[in-house]
Amino acid sequence: MNLNPRELQKFYDLWAPMLQALPAVIEAADREEELKRGVATLERQLQTVQQQIADEEARIEQVRKTVSENIQKLKESQAEAERGLNQYVADAKAHIEKVDAEVEEKVAAINERAKAATNDLRVVERDLAAAKAKADAELKQQKAGIEAEIAELESKRVSVEEALASLKAKIG
């Protein structure tokens, strides 16, 4: 097949823009796949953070339950001690004072443990709230970056489509 220079120029004029746009199209497709993998990674990280939050909430609930049980046991123990004191009143005043002192020491120790558990619960709740806020902020920032990159790729895609449409118009 013999082509004269004019036919070769027409062929070049027709295909050159498409061939020049091809690397940008390939790069955009590669970037889109990379962004999709990034989004999938972020979604897995979000699920991990959500699971950690759920685990922390379950742990907090367990601490609350334990504190509630300890308070109930304290009440039961205190009631039992009072019954014991009433029984011993008939026996001897000295014995009652001794038992009363022992009960008060036990109650104080249990109250201290309950207070410490309550303080621990507050610290865990505060730390959990801070960790959640930090994770939410990081995820929001990463999402904004990905959305900006997607917008940029969309703009490039539109430019490529316009160039292809122009070429089709020239061809047609």
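As a reminder, the structure under discussion sits directly above these lines.
Since the structure is predicted, the reported quantities are computational estimates derived from the model, not experimental observations.

Undergrad: Now, about the nonpolar core: what can you tell me, with residues and values included?
TA: Core analysis: the biggest nonpolar cluster contains six residues, these being Leu74, Ala81, Val99, Val103, Val107 and Ile110. Among the elements of the structure, α1 (5–89) and α2 (93–171) are those that each provide at least two residues to this core. Ranked by the residues each element gives to this core, the list is headed by α2, at four residues.

Undergrad: Please set out the environment of Glu102 residue by residue, giving values where relevant.
TA: With respect to the helices and strands, the residue Glu102 is situated in helix α2. When the C-alpha positions of Glu102 and Gln141 are compared, they lie 58 Å apart, and in sequence the two are 39 residues distant.

Undergrad: Residue-level account of the packing of aromatic side chains, with values.
TA: Throughout the structure, instances matching the rule amount to one aromatic pair. Aromatic pair Phe11 and Trp15: ring centres 6.4 Å apart, planes at 40°, arrangement tilted. Of this pair, Phe11 and Trp15 both sit in helix α1, four residues apart, roughly one helical turn. For Trp15, a relative accessible area of 37% corresponds to the partly exposed category.

Undergrad: Let's hear about the layout of surface pockets: which residues, and what values?
TA: Its boundaries defined by the atoms lining it, the largest pocket holds a volume of some 290 Å³. Within the residue set of the lining of the largest pocket, elements represented by two or more residues are α1 and α2. By residue class, the composition of the lining of the largest pocket is eight nonpolar, no polar and six charged. Of the volumes computed, that of the second largest pocket is approximately 200 Å³. Every residue lining the second largest pocket is counted, 10 residues in all, and those nearest its centre are Ser77, Glu80, Ala81, Val103 and Lys106. When residues of the lining of the second largest pocket are traced back to their parent elements, those giving at least two are α1 and α2. Partitioning the lining of the second largest pocket into residue classes produces five nonpolar, two polar and three charged.

So, how was this worked out
Residues numbered from 1 in each chain as written. Predicted model: local features only at pLDDT ≥ 70, side-chain atom pairs only at ≥ 80, totals over all residues. Heavy atoms only, no water. Core = buried A, V, L, I, M, F, W, Y, C linked by side-chain atoms within 4.5 Å. Buried < 20%, exposed > 50% of the residue type's maximum accessible area, 1.4 Å probe, protein only. Helix = DSSP H or I, 4+ residues; strand = E, 2+ residues; numbered from the N terminus. Phe/Tyr/Trp six-rings, centres within 6.5 Å; stacked < 30°, edge-to-face > 60°. 1 Å grid on protein atoms, 1.4 Å probe; cavity = no way out; pocket = protein on both sides within 12 Å on 5 of 7 lines; lining within 4 Å. Points joined across faces, edges and corners; volume = space filled by probe spheres on them. Nonpolar A, V, L, I, M, F, W, Y, C, P; charged D, E, K, R; others polar.

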